Amino acid sequence: MRYLTTIVLATFSGLMARLYMLRRDYRQYPSYPQGWAIHLFIGFIGALLGAVMIPSLIEAEYAAVSFLLMAASQFREVRNIERSGLEKLEKTELVARGTAYIEGIARVFEARNYLAIWTSFTAAAVSEMTLRFGTLAQAGAALAAAAAAAGLLNQLMRGPSIGDIADIKPTEISFDGPILVVGGVSGMNVGLPAARERYLKQGVAVEIIPRDVDAKATLANIGQMQAIAHDAASMVGVYMDVGEQEYTPLVRRDPESGKLVMVMIPSEDNQEAFLEAVSNVPVLETAIRKPLRSVAGRMMDRRG
Amino acid sequence: MDITPTNQILAVITTSRDRVGGSAPIFYADSVSELEQMAVYLSRIFMAAIHDLGNEVYIIVKH
């Protein structure tokens, strides 16, 4: 079979690209062996699709190409599966992810399959172009091109984290009567004196100060606020039990300055770790706003 | 599916009988310490938060 080398090389590259990207989202969405198996297999299908695309183009089998493109649209289903799965698990989380975060994760899973397709497509194209230099050179060139493509695409897909758009610093927790006040922003009403004491003793709080108008608009998204609460809580651990609503991590916004404050009682009192956790929370794709790209937004910026 | 009311006052606990009324269950306490104790018990039963209205009136609200 004339194209066997190309197809094997390209499929392998696409699969490896998917595996590489699967490794990196360990924190975002803990995968278990089953989750890995599912995503690797879907990635394998994608890689194979990308791989056979080039031979069918060369052979001018345009009907085959159309079918392959149709098959690629199946990957949209991946997003639905991820979304419904995470939504079902939402009830089992002490601190909910929020629908915006779930949507973000689902999109990432869908997009990564397309990246695997692109990678195997690139590998197949390079492999066919270097055919006349011998099998070894062909394999080397195809794998190198695939590695470059996967690395580049992954780099392009990497979104900013909270630490990139905002300054994060520790802040004070105090009480105004029963009202929890964090960095000058009133939070919730904590009724029980014992709970108030625990907040003062064990609580940690940060201010998230947006660097510009864009960041301010992005941080004003409720889904983003929930994502910060969920991720910070999942990274440093949370001191709460089912039904202990007074210890729920709290993110509030200061309407004056647009800064966010977050307060929680971590399972271990470590301010450094908490700051690190908050700054590593990803900025949700769906939360990003760019008012500075509009005339009105720039006018607001000059005034402020 | 279990249905739980949220953002509703599930119970009111107070020391003074003339301050509260209405449809939510009202519990009376004789002292502030008893008030707090009752609030803790009720919040654990309802798995809800305790809020302090400042005038020795506590409410239990599920969020």
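The structure displayed is predicted, hence computed values, not measured ones. (Residues numbered from 1 in each chain as written. Chains lettered and ligands numbered in written order. Predicted model: local features only at pLDDT ≥ 70, side-chain atom pairs only at ≥ 80, totals over all residues. Heavy atoms only, no water.)

Kindly report on the interface of chain B and chain A, identifying the contributing residues and their values.
Counting residues at the interface gives 13 residues for chain B and twelve residues for chain A. Of the roughly 1100 Å² buried between chain B and chain A on both sides combined, carbon and sulfur atoms contribute 50%. On the surface where chain B and chain A come into contact, there are two salt bridges. Note that B:Asp52 and A:Arg196 form a salt bridge whose closest N and O atoms lie 3.9 Å from each other. Looking at the side of chain B that touches chain A element by element, the count peaks at four residues for strand S3 (residues 49–52) of chain B. (Contact = heavy atoms within 4.5 Å. Buried area = accessible area lost by both parts, 1.4 Å probe. Salt bridge = Lys/Arg side-chain N within 4 Å of Asp/Glu carboxyl O. Helix = DSSP H or I, 4+ residues; strand = E, 2+ residues; numbered from the N terminus.)

So, the domain arrangement of chain A: which residues are in play, and what are the values?
All names here are of chain A. When cut into domains, chain A gives domain 1 (4–157) and domain 2 (163–303). Measuring from the centre of the C-alpha atoms in domain 1 to the corresponding centre in domain 2 gives 35 Å. Across the boundary between the two partners, domain 1 contributes ten residues, which contact 18 residues of domain 2. Counting across the domain 1 and domain 2 interface gives one salt bridge. For Arg-107, the salt bridge is made with Glu-285, and the minimal N-O distance between the two is 2.9 Å. Our count for the contact surface shared by domain 1 and domain 2 stands at four residue pairs in polar contact (both at pLDDT 80 or more). (Domains from an automatic or database assignment. Polar contact = N/O pair within 3.5 Å; in protein donor to acceptor, adjacent residues only side chain to side chain.)

Can you explain a nonpolar patch on the surface? Please cite residues and give values.
All names here are of chain A. There is a patch of nonpolar side chains on the surface, built from Phe-41, Phe-44, Ile-45 and Leu-48 and spanning about 340 Å² of accessible area. Tracing the backbone shows Leu-48 in helix H2 (residues 33–58). A relative accessible area of 33% places Leu-48 in the partly exposed class. (Patch = residues over 30% accessible without salt bridge, like charges linked within 9 Å, V, L, I, M, F, W, Y side chains within 5 Å. Areas by Shrake-Rupley, 256 points an atom, 1.4 Å probe, with all protein chains shown as cover. Buried < 20%, exposed > 50% of the residue type's maximum accessible area, 1.4 Å probe, protein only.)

How would you summarise unusual backbone geometry if you had to cite specific residues and measurements?
Among all residues except glycine, the phi angle is most often negative; among peptide bonds, the trans geometry is most common. Positive phi values are uncommon outside glycine, yet A:Ala60 reaches one of about 55°. Within the secondary structure layout, A:Ala60 lies in the loop between H2 and helix H3 (62–72). Taking the relative accessible area as the measure of exposure, A:Ala60 reaches 43% and is therefore partly exposed. You will see that B:Met47, though not glycine, has its phi angle at about 55°, which is positive. Looking at the element boundaries, B:Met47 is found in the loop between helix H1 (32–46) and S3. A relative accessible area of 36% places B:Met47 in the partly exposed class.

I'd love a proper account of the side chain of A:Thr119, names of residues and values included.
Residue and element names in this part refer to chain A. Topologically, Thr-119 is positioned in helix H5 (residues 99–129). A residue is classified by how much of its surface remains accessible, and Thr-119, at 0% relative accessible area, is buried. Here Thr-119 is in contact with Ser-13, Ala-17, Ala-146, Ala-150 and Leu-153, once residues within four sequence places are set aside.

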